[in-house]
Amino acid sequence: MKVSFFTFILFSIFGYSQNTLKAIVVDNVDNLPLEFVGIFNTEDHTVTNEDGRFQFSSSLDSITIYLVGYDKIRTTFQKVSDTVYLNKSVLKLNEVTVTNQKTLWQKIGDSIRSNYPIYPYKERFFLRGVLRYNGEITRIQDIQGKLERRTLLYTKDIVPNSKDFKVELTNMRKVGLVKDENQVYFIFETFYELFMNFTPINATGDAFNLTESTFENERKTKLGFQNKPEFINEEVKGHYIINNTNNAIERIYMTIRYKNNPYNKDGDTRFRTVTIEKEMALSKSSNTNKYYLANAKYEVKVEITDDQNSYTSFYDVSFILTTTDNEGSFEVKKNVNATKDLFKINYPYDQNFWKGQNQLLLTEEMSNFIENVQDPNNEFKVKSNIKN
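Scoring rules and cut-offs
- Residues numbered from 1 in each chain as written.
- Predicted model: local features only at pLDDT ≥ 70, side-chain atom pairs only at ≥ 80, totals over all residues.
- Heavy atoms only, no water.
- Pairing = 2+ DSSP bridges.
- Helix = DSSP H or I, 4+ residues; strand = E, 2+ residues; numbered from the N terminus.
- Axes fitted to C-alpha atoms, helices over the stretch in contact; angles between N-to-C directions.
- Buried < 20%, exposed > 50% of the residue type's maximum accessible area, 1.4 Å probe, protein only.

The chain appears in an unreviewed UniProt entry as Carboxypeptidase-like regulatory domain-containing protein from Maribacter confluentis.

As structure tokens, this is what we get:
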């Protein structure tokens, strides 16, 4: 019995040991760091930060490293070096004007219910918000939690509602300046607004010119879109990455550039949105064969001034979302209002959690900001829940 018990203990230790690695992912041609690269296996998932860096831990030894537009790497912990080089995928066909885009889009539409969860489900999420004022970081907010969605996609039969998202916070850290030098407070998005902005969109039809090209041995199609020249107030362009096997959209990228956008007014402050950029990656679950939003990024640039045009400044805000445990069986206990400004949400800081979390590493710039902004000699009001 002693031998059997000892053997069981050894098996338990080795069976649940964690593999951990830190590395940077760069483009093989220009050596520039690549953000938003997925690092994952069947149990765990993370993404690279703006510096291209990641930390990944798993009880499994397998690792897949992938960014759409680059060749996929399937490897193991032992074979990953400090620097990972990704090669760009080669497009097999030159871009041509699409003549049957309605047929292509109809195939995607016909496959929606088989590819995506058009029903309520739960998942865990990690959300990062970063605000920059004239290029310098002024706020960082990281949130971990549980989310219950009404649906992933909205159809003509499902009308969006502010109650579509039920959120339970489990961890949060935030630190940042409340107002800028002109006493302007920048309003963060709400959970509802963010999750709606991370909903896949339809940019096809008569308003757009479409082009297509294939890659990965014609297993995937890049469907590019750009609005027609007669739309003089804004330029909308981007692309979808479509899996040709099941007609599923696996990635969406979109930029909107506003031309002569009118100012909004709040007191003496005038402001207007200059650009919006969105990127969403959807991954297929081996358990349900459905696609879920694996990670997404949403960026907005806002110009501000006053009635006298005495200054011009710019805010850049970015939000990154990653999800795991899609269609999990856990309970979501709502403890936050999904329609409240994120930066005004309060939740206690857990030092042990934030020291160990690796879903999305802080960049060096972010780490320096968190350290410096809490200096008691700072002339601006700082709001933070970080306790050392």
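*Asks:* Mind showing me how you'd approach the sheet that holds strand β3 (residues 45-47) here?
*Replies:* Strand pairing in a sheet relies on backbone hydrogen bonds, with the paired strands running either antiparallel or parallel. Spatially, four strands are ordered β3-β2-β5-β6 in an open sheet, and the strand pairing comes out antiparallel. Each edge of the sheet is formed by a strand with only one pairing partner; in this case those strands are β3 and β6 (73-76). Across this sheet, the average inter-strand angle for adjacent strands is 20 degrees, counted without regard to direction. Pairing of strand β2 (residues 38-40) with strand β5 (residues 62-66), which is carried by three bridges, proceeds in the antiparallel orientation. Across the sheet, residue F40 finds its bridge partner in β5, namely T64.

*Asks:* How should I be thinking about the sheet that holds strand β7 (residues 83-86) in this particular structure?
*Replies:* Strand order in the open sheet formed by three strands is β4-β1-β7, with mixed pairing between adjacent strands. Among the strands making up the open sheet, the edge pair consists of β4 (53-58) and β7. Put simply, the sheet's adjacent strands are angled 40 degrees from each other on average, direction ignored. By the bridge criterion, six bridges tie strand β1 (residues 19-27) to β4 in an arrangement that is antiparallel. In the strand pairing of β4, I24 is matched with R53.

*Asks:* Any chance you could explain the pairing of strand β13 (residues 220-227) here in plain terms?
*Replies:* A regular strand carries its side chains on alternate faces of the sheet. Buried residues dominate β13, accounting for six of its eight residues. Two elements, strand β12 (residues 208-215) and β13, share eight bridges in a ladder whose sense is antiparallel. Residue pairing for β13: F215 is matched across the bridge by K220. Hairpin connection of β12 to β13: four residues between the antiparallel strands, including E216 at a positive phi of 50 degrees. Note that β13 and strand β14 (residues 234-243) share seven bridges and pair antiparallel. The partner of Q226 across the bridge, within β14, is K237.

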